[in-house]
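Geometric and topological summary
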Amino acid sequence: MAKDIGIDLGTANVLIYVQGSGIVLNEPSVVAVDTQTNKVLAVGSEAYRMVGRTPSNIRAIRPLKNGVISDFDVTQEMLTYFIGKLSVKGFMSKPNIMICAPTNITEIERKAIIQAAEQAGGGKVYLEYEPKVAAIGAGLDIFKPRGSMVIDMGGGTSDIAILSLGDIVSSRSIRMAGDKMNADIAACIKEKHGLVIGDHTAESVKMEIGTALQTDNPKEMDVRGRDVASGMPKQITINENEVEEALHDTLEQIANATVNVLETIPPELASDIIDRGIMLTGGTALLNGIDQYFSSKLKVPVVVSEDPLDNVAKGAGEMLERMQSTDNKGK
């Protein structure tokens, strides 16, 4: 028997949940390709290590941008590789796949995601919206007649949604999340210190001293890159407060988008959200102080879910199991 799988097809990472085993794969959404032969050389973690360090004939491609497929063939290769690694196929059967996408995708993007999953070895492929699945994975009971709110901040998109009775009542997806924050940090370091840094370095600055709040005793970090003026390698020291300044505008735009969603809902749901608060999920929810930042901006309680990185994949698996038990009851 094939085992059903839930896939969080993220801009930065792909996570796969296998029925009965939990999350079994978490790898970067990167594929290294030889441009002369078009041959795939590495996928996932191995390809990620090559980003910014490859000779001219090898390209490290991130086939998803802003949560949607920007390179169909490479996405399909990547999914085929990951699914093949899991040995979930049965002797004669293919696994059902629940795959997740941002709320604002077009019909064409929707079809592309389903087709990539089918060609990568899926049986029936279901597509569900990320914030809904993230809310379930974070442990919210969205099937009751009361409002739940989630902000799912991944690599490419921040999805904001209010849910009730098992569906999305109001939502907004903005293309600002972890990747935009990495770019903000790189731009700030270039402008203030005349140092050019790569994606990896920007990401590690965000993870080590990234914060949403100013602090009196900021932590410091040494950063290495290339001097803009001389072109030579150089090291500088930056602190948490500089990173907060770099991230300020992006965080403000996510907060403003959340306010826009809150303004569209019926008063009963608004009162539920004041009671129950907002759940933050996705990798960007790990940014230091982000819950306090949103709470002070939105004037409602805000909590970060237990495993923000795993919520979407876990929720996809739970939804598949829920669908199966409904199917079995119907038989």
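That block above? That's the structure.
Residue positions are given per chain, counting from 1 as you read along its sequence in written order. Side-chain atom pairs in this predicted model are given and counted only at pLDDT of 80 or more, local residue features only at pLDDT of at least 70, and totals for whole chains, interfaces and linings cover all residues. Just so you know, side-chain values use all the structure's heavy atoms and leave hydrogens and water out.

Some thoughts on the overall build of the protein
The condition that has to hold: Numbered from the N terminus, helices here are DSSP runs of H or I no shorter than four residues, and strands are runs of E no shorter than two. Radius of gyration means the value over C-alpha atoms here, while the globule rule gives 2.2 Å times the residue count to the 0.38 power. Buried, partly exposed and exposed residues are distinguished by accessible area as a fraction of the type maximum, computed with a 1.4 Å probe on protein chains only: under 20%, between the cut-offs, and over 50%, respectively. Here, residues are in contact when the closest pair of their heavy atoms is within 4.5 Å. For the accessible areas, the method is Shrake-Rupley and the probe is 1.4 Å, while residue cover comes only from the protein chains on display. His residues and chain termini do not enter the charge count, which takes Lys and Arg as positive and Asp and Glu as negative. By convention, charge coordinates are those of NZ in Lys, CZ in Arg, CG in Asp, or CD in Glu.
Looking only at helices and strands, one finds 10 helices and 18 strands in the protein. Relative to a compact globule of 331 residues, whose C-alpha radius of gyration would be 20 Å, the protein shows 21 Å and is just as compact. Viewed in the frame of its principal axes, the protein has a C-alpha envelope of about 70 × 55 × 30 Å. The buried share of the protein, taken over its 331 residues, is 50%. For the protein, long-range pairs separated by at least 24 residues make up 63% of all intrachain contacts whose partners lie at least 6 apart in sequence. Carbon and sulfur atoms provide 49% of the accessible area of the protein, an area that totals close to 15,500 Å². Distance from the positive charge centre (33 side chains) to the negative charge centre (44 side chains) of the protein: 5 Å.

Considerations on the packing of aromatic side chains
Our working rule: Stacked, edge-to-face and tilted labels apply to pairs of Phe, Tyr and Trp rings (six-membered ring for Trp) whose centres lie within 6.5 Å, assigned for plane angles under 30 degrees, over 60, and everything in between, in that order. We count a charge as sitting over a ring when the NZ of a lysine or the CZ of an arginine lies within 6 Å of the ring centre and within 35 degrees of the ring normal.
Summed over all chains, the structure comprises 2 aromatic pairs. Ring centres of Tyr293 and Phe294 lie 5.5 Å apart, and the angle between their planes is 75°; on these two criteria the pair is classed as edge-to-face. Phe294 carries the same exposure label as Tyr293, and that label is buried. One cation-aromatic arrangement involves Arg322 over Phe143; the distance from NZ or CZ to the ring centre is 3.6 Å.

Side note on the environment of Leu320
Structurally, Leu320 can be placed in helix 10 (residues 311-330). Leu320 gets classed as buried once you look at its relative accessible area, which sits at 4%. As for Leu320 and Phe72, which are separated by 248 residues in sequence, their C-alpha atoms are 25 Å apart. Discounting residues that sit within four places of it in the chain, Leu320 has contacts with Asp4, Ile5, Gly6, Asn96, Met98 and Tyr126.

Description of the sheet that holds strand 4 (residues 31-34)
Quick reminder of the rule: Strands were regarded as paired on the criterion that DSSP finds at least two bridges between them. Every axis in this analysis is a line fitted to C-alpha atoms, fitted for helices over the stretch in contact. Angles between the N-to-C directions lie between 0 and 180 degrees.
Read from one edge to the other, the open sheet built from 3 strands follows the order 5-4-6, with strand pairing classed as antiparallel. Every other strand in the sheet has two partners, leaving strand 5 (39-43) and strand 6 (58-61) as the edge strands with one partner each. When the angles between neighbouring strand axes are averaged without regard to direction, this sheet yields 25°. Summarising the sheet, strand 4 and strand 6 pair through 4 bridges and their orientation is antiparallel. Looking at strand 6, one finds that Val33 is bridged to Arg59.

Focus: the nonpolar core
The nonpolar side chains of a soluble globular protein tend to be buried, and buried together. Here is the rule: Definition of nonpolar core: a set of buried residues of the types Ala, Val, Leu, Ile, Met, Phe, Trp, Tyr and Cys, connected through side-chain atoms within 4.5 Å.
Ranked by size, the top nonpolar core spans 41 residues in total, and within it Ile278, Leu280 and Phe294 carry the most contacts. The greatest single-element share of this core, amounting to 7 residues, is contributed by helix 7 (residues 240-262). Non-local contacts of Leu280, meaning those with residues more than four positions away in its chain, are made with Ile151, Met153, Ala285, Ile290, Asp291, Phe294, Val302, Val303, Val304 and Ser305. Ranked by size, the runner-up nonpolar core spans 31 residues in total, among them Val14, Leu64, Phe82 and Ala101.

Digging into the packing of helix 7 against helix 9 (residues 290-298)
For clarity, the cut-off: Throughout this description, any angle smaller than 35 degrees is read as roughly parallel, any larger than 145 degrees as roughly antiparallel, any in the 65 to 115 degree range as roughly perpendicular, and the remainder as oblique. By definition, turning the near helix anticlockwise from the far helix through less than a right angle yields a left-handed crossing, and turning it clockwise yields a right-handed one.
Where helix 7 contacts helix 9, the axes come no closer than 10 Å and their chain directions differ by 50°. The angle between the axes of helix 7 and helix 9 places the two elements in the oblique class. Here the hand of the crossing between helix 7 and helix 9 comes out right-handed. Contacts between helix 7 and helix 9 involve His248, Leu251, Glu252, Ile254, Ala255, Thr258 and Val259 from the first element and Ile290, Tyr293, Phe294, Lys297 and Leu298 from the second.

Observations regarding the packing of helix 5 (residues 178-193) against helix 6 (residues 199-209)
Put simply, the test is: Basically, the charged four are Asp, Glu, Lys and Arg, the nonpolar ten are Ala, Val, Leu, Ile, Met, Phe, Trp, Tyr, Cys and Pro, and anything else, Gly included, counts as polar.
With their axes 9 Å apart at the nearest point, helix 5 and helix 6 run at an angle of 100° to one another. When the interaxial angle is binned, helix 5 and helix 6 end up roughly perpendicular. Contacts between helix 5 and helix 6 involve Gly178, Met181, Asn182, Ile185 and Ala186 from the first element and Ala202, Glu203, Val205 and Lys206 from the second. Of the residues contributing to the contact of helix 5 with helix 6, the split by class is 5 nonpolar, 2 polar and 2 charged.

By themselves, these figures tell us nothing about what the structure is for.
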